[in-house]
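Single-letter residue listing:
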Amino acid sequence: MFLVGDPKQSIYRFRRADVALYAEIKRLLLGTGAELLHLTTSFRATPSIQAFINSAFAPAIAADEEADGYVPLEQARAEVSGRPTIVALPAPRPYGDFGKVTDWRINESLPGVVGAFVDWLVNESGWTVDEAGQETAIRPRHIAILFRRFRNFRTDVTRPYVRELEARRIPHVLVGGRSFHDREEVVALRNAVTAIEWPDDELKVFATLRGPLFALSDESLLLYRQSINEEGNLIIRRLDPTRVADRATLRPAALEVADALDLLRQLHAGRNSRPIAETLTMLLQAVRAQAGIALWQNGEQALANCQRLIDTARRFERTASSFRAFVESIEIDAERGGVDEAPIVEEGTEGVRVMTVFKAKGLEFPVVILGDPTCPSSRDRPSRHIDASRSIWLEQICGASPVELLEASDLELKRDRAEAVRVAYVAATRARDLLVVPTCGDEPIDGWFESLNPLLYPADAARRTSVPAAGCPTFGEESVLDRGPKGKPPLSGSVRPGLHLREPGNVPVTWWDPAALNLQTEELAPLRHQRLLEVDPGEITATDSVRRHDAWQAQRLTMLAKSSLPTLRTRTITSLSQDGEAQQPRAEAVEVHVVARDGTDRPGGRRFGTLVHAVLALIDLQSSSVDLAAIATVQGKIVGATKEEIDAAVATVSRAKAHPLLQRAANAAKVGRLRREIPVMLMQDEVLVEGVVDLAFREDLPDFAGWIVVDFKTDRELAEAHDRYVRQVQLYSRAVSASTGLPARGVLLAI
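First, a word on scope: everything that follows refers to the structure included in this document. (Residues numbered from 1 in each chain as written. Predicted model: local features only at pLDDT ≥ 70, side-chain atom pairs only at ≥ 80, totals over all residues. Heavy atoms only, no water.)

Thoughts on the environment of Pro-489
Here Pro-489 lies in the loop between α17 (453-456) and β15 (498-500). The class of Pro-489 is partly exposed, set by a relative accessible area of 46%. Along the chain, Pro-489 and Asp-442 lie 47 residues apart, while their C-alpha atoms are 6.5 Å from each other. If we ignore the near neighbours within four places in the chain, the residues touching Pro-489 are Asp-442 and Arg-483. (Helix = DSSP H or I, 4+ residues; strand = E, 2+ residues; numbered from the N terminus. Buried < 20%, exposed > 50% of the residue type's maximum accessible area, 1.4 Å probe, protein only. Contact = heavy atoms within 4.5 Å.)

Written out as structure tokens, the structure is:
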């Protein structure tokens, strides 16, 4: 038996996965003679990244007594040449209004430089990464931005990063987090599905009609809701899709509202008779959402988010089919800030991954960028304490802390700080080819990956000493672009952009120049609209676009029609025998054996028959009466049988065991020629017929060498449907013969 664990990656204390528990189990196993092996070779990162990680984390992790030391990584890959592997990315404007570096300024200016750096990597760098053993140009799918947290109180810390990616038209995939549910297109779809499920919710209906899907004007909605009839009376209509309005009384501007309500009514009426994803697709197609959303500044990303919600609906239907349950599910996800990301993170899906370190554990990425550098590494107060010796869990309730928690605060804070180091370790070890760490050129940033600072920041005397970095653009002299009206550089100066090497043998770190990046982005939406609305001489482009769209629609409909036809029809042997279709012209006759009864009345019905079949399926044909009674008692509890039925089942099965047919089966079992409750399949008239044989055994007799297929029936069952059961056994026999290549005889044993 092998037990594998890595205490350096123990980052789930909030789930009671404490590294101290690992250390204790390890100690106990070693005390009983277990052998300890260290797996040190890492096939993931380049040697320079591994050396950087070893140097940064070895002192901190080794100092943690519960982590049981630090096992350094050893290289397996060749070093990358012609470009850096460790990049320090400075915040360009870290100074506040009073001449000091502030966290909020760093958080404000850093997303822009991260977005610009990703844009440069993808579109200008020419750098390559290893993908499946081949050198491939960096694409968005190769990049991951990792966070310690997604939310800071009510603020979504990922949102500024996502906006910067969108402004540069870089696709991204948000793995978890609340930003997905806060997107305009997702909110519009959530409102729409709520209006479809609850059409009497006038607020949701209004939000749907006024939102981006229908985009109806206030004037149209007001004209529909309120009008004056010929008598001068005010008529007020509800925005209720279930109420059909008299179109003759509506003004022309209000007819579009009626059309929208008709669509919602149709979708509501059939919501539970069609797949949930189909309802969403019908809505988007009816309002031509694809064409409208494509005109948005980040139309491709918005359309991808719509498709993502449709994919969520498809996955939801695997466990439930109620449209209402789906609506409630996505509302709960929106409230909690959760989102199902499984199919979006498939390998090969294009887009920068935006995720937490906890989500990224177990994954790897060619390029890793650490985000939200000012996130505290640990709490100021302990959140919990586990006392294993007393089997208690201690935590705050309503702001009040137990005395034991306060007494253990120093220990718990120490454990929290140790785990913060391990979280940073996990984040850094996700990188294969390039690790990008946010920094500040004037002073170190204290945050969740501050363990990297000693290797990132050069000594004061070497701050202004750097050399050009291979594969990088020409850098300037300053890593801080703006210090505000009162900010002043440190006495030793800011870190000069370029390649820094603290001392011989250390890992080189490339400090980037924010000025070398395009930090300003233009508003792309007006330009896209202008290009779309430009005059098309002869309508050549428009005609070709319509033709390609029609061809795509035809291809899609053909594919849907083809995929809706089953390639293989299946039926059970029981249902086929009920139709009377199983009889073949040359079907071999089925023997019918009857187990003699003792003359006493016994129970009947489906429950008793089920109990008898269950006992016959489980007993050893040579078992004692005690074993038989025990099995019958257990099975009787499962089916809810009475004591009378259990006793009758024991007596019935005892007589069946004594029958010569089952005695022959018991003899076959001794030589391994008995099969019980065996599934079989048979192709008949392009239909796959399947069933389960009660019992089959193989015999080699002078007049017959093959399989005896036995089907158990109570005498009442056999009397009621003799011919159907004969056809059923014939199908079983043919299936056994087809699968074994030996002849088979069918037997009905009435018990």
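A few points about the sheet that holds strand β1 (residues 86-90)
Read from one edge of the open sheet, 8 strands run β7-β10-β4-β11-β14-β1-β16-β15, paired in mixed fashion. Strands with a single pairing partner mark the edges of an open sheet, and in this sheet they are β7 (172-174) and β15. Across the sheet, the mean angle from the axis of one strand to that of its neighbour is 25°, orientation sign disregarded. Sheet analysis places β15 next to strand β16 (residues 509-511), joined by 3 bridges and oriented antiparallel. Its bridge partner being in β16, His-500 is matched across the sheet by Val-509. Sheet strands in contact with helix α16 (residues 409-428) are β4 (143-147), β11 (365-370) and β14 (431-439), and its direction is about 130° off that of β14. (Pairing = 2+ DSSP bridges. Axes fitted to C-alpha atoms, helices over the stretch in contact; angles between N-to-C directions.)

Re the layout of surface pockets
The volume enclosed by the second largest pocket comes to roughly 1,100 Å³. Lining the second largest pocket are 38 residues, with Val-4, Gly-5, Asp-6, Leu-37 and Leu-39 sitting closest to its centre. Per-element accounting of the lining of the second largest pocket gives the leading share, 5 residues, to helix α1 (residues 19-31). (1 Å grid on protein atoms, 1.4 Å probe; cavity = no way out; pocket = protein on both sides within 12 Å on 5 of 7 lines; lining within 4 Å. Points joined across faces, edges and corners; volume = space filled by probe spheres on them.)

Notes on a negative patch on the surface
A surface patch of like charges, here negative, comprises Asp-103, Glu-443, Asp-446 and Glu-450. Here Asp-103 lies in helix α3 (residues 103-123). Looking at Asp-103, the relative accessible area reads 43%, which means it is partly exposed. (Patch = residues over 30% accessible without salt bridge, like charges linked within 9 Å, V, L, I, M, F, W, Y side chains within 5 Å. Areas by Shrake-Rupley, 256 points an atom, 1.4 Å probe, with all protein chains shown as cover. Salt bridge = Lys/Arg side-chain N within 4 Å of Asp/Glu carboxyl O. Lys, Arg positive; Asp, Glu negative; His and termini not counted. Charge placed at Lys NZ, Arg CZ, Asp CG, Glu CD.)

Brief notes about unusual backbone geometry
One non-glycine residue, Ala-215, lies in the positive phi region at around 55°. Relative to the assigned elements, Ala-215 resides in the loop between α7 (202-210) and α8 (218-225). Even without glycine at this site, Asp-372 takes up a positive phi of about 50°. Positionally, Asp-372 belongs in the loop between β11 and β12 (384-387).

Some thoughts on the environment of Asn-123
Mapped onto the fold, Asn-123 is located in helix α3. When its relative accessible area of 51% is taken as the criterion, Asn-123 is described as exposed. Spatially, the C-alpha atom of Asn-123 lies 45 Å from that of Asp-259, the residues being 136 residues apart in sequence. Of note is the side chain of Asn-123, whose polar atom sits 2.4 Å from the side chain of Asp-119. (Polar contact = N/O pair within 3.5 Å; in protein donor to acceptor, adjacent residues only side chain to side chain.)

All quantities given are derived from atomic positions and should not be read as evidence of function.
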